[in-house]
Amino acid sequence: MQSHRFFYIIEYMETFEINKALAYLKQNYVLYCLEAKTILFIKDSMIVLHHENWHSKINESDFINSFSDSHFQLIEKSKEEFISKEKDDEYYQWRFHHQ
């Protein structure tokens, strides 16, 4: 997945709590935690926490314990909208064969 340095919050999205956040994460959405000022997404069954000054990965249980009182917003609709490595590789193979 590409770097998450430039995000925008999707048009005035609602703020929600941990249960809804976990459901969105499991659907490959990228979230923003308002209190921790942290971007969250799932990668390799771990929840990735991306803050301006640090990065970490935690499991679901630790996420629930650590963020149970937090509020979240959607940042990006879903990682499926990113260019996948497989599609990127396929494009460069096609391009190589058609030059």
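Before reading on, note that the structure itself is shown above.
Residues numbered from 1 in each chain as written. Predicted model: local features only at pLDDT ≥ 70, side-chain atom pairs only at ≥ 80, totals over all residues. Heavy atoms only, no water.

Engineer: So what's going on with the environment of phenylalanine 67? Residues and values would help.
Structural biologist: Locating phenylalanine 67 in the fold gives a position in helix α2 (residues 60-67). For the pair phenylalanine 67 and glutamate 17, spaced 50 residues apart in sequence, the C-alpha separation works out to 8.8 Å. Sequence-distant contacts of phenylalanine 67, defined by excluding residues within four places in its chain, comprise Ile18, Cys33, Ala36, Leu49, Ile58 and Phe72. (Helix = DSSP H or I, 4+ residues; strand = E, 2+ residues; numbered from the N terminus. Contact = heavy atoms within 4.5 Å.)

Engineer: Account for the pattern of salt bridges, naming residues and giving values.
Structural biologist: What the rule picks out here adds up to two salt bridges. Lysine 20 is the salt-bridge partner of glutamate 14, the closest N and O atoms lying 3.0 Å from each other. Residue classification places glutamate 14 among the partly exposed positions, given a relative accessible area of 41%. On the basis of relative accessibility, which here comes to 35%, the residue lysine 20 falls in the partly exposed class. (Salt bridge = Lys/Arg side-chain N within 4 Å of Asp/Glu carboxyl O. Buried < 20%, exposed > 50% of the residue type's maximum accessible area, 1.4 Å probe, protein only.)

Engineer: Outline the packing of aromatic side chains, supporting the account with residue identities and numerical values.
Structural biologist: Applying the stated criterion across every chain, the model contains six aromatic pairs. Centre to centre, the rings of phenylalanine 16 and phenylalanine 72 are 6.5 Å apart; their planes meet at 25°, and the pair counts as stacked. Of this pair, phenylalanine 16 sits in the segment before α1 (18-26) while phenylalanine 72 sits in strand β5 (residues 72-76); the two residues are 56 residues apart in sequence, bridging distant segments of the chain. Look at phenylalanine 16 and you get buried, because its relative accessible area is 4%. For phenylalanine 72, a relative accessible area of 0% corresponds to the buried category. (Phe/Tyr/Trp six-rings, centres within 6.5 Å; stacked < 30°, edge-to-face > 60°.)

Note that all results are geometric; they support no functional claim without further evidence.
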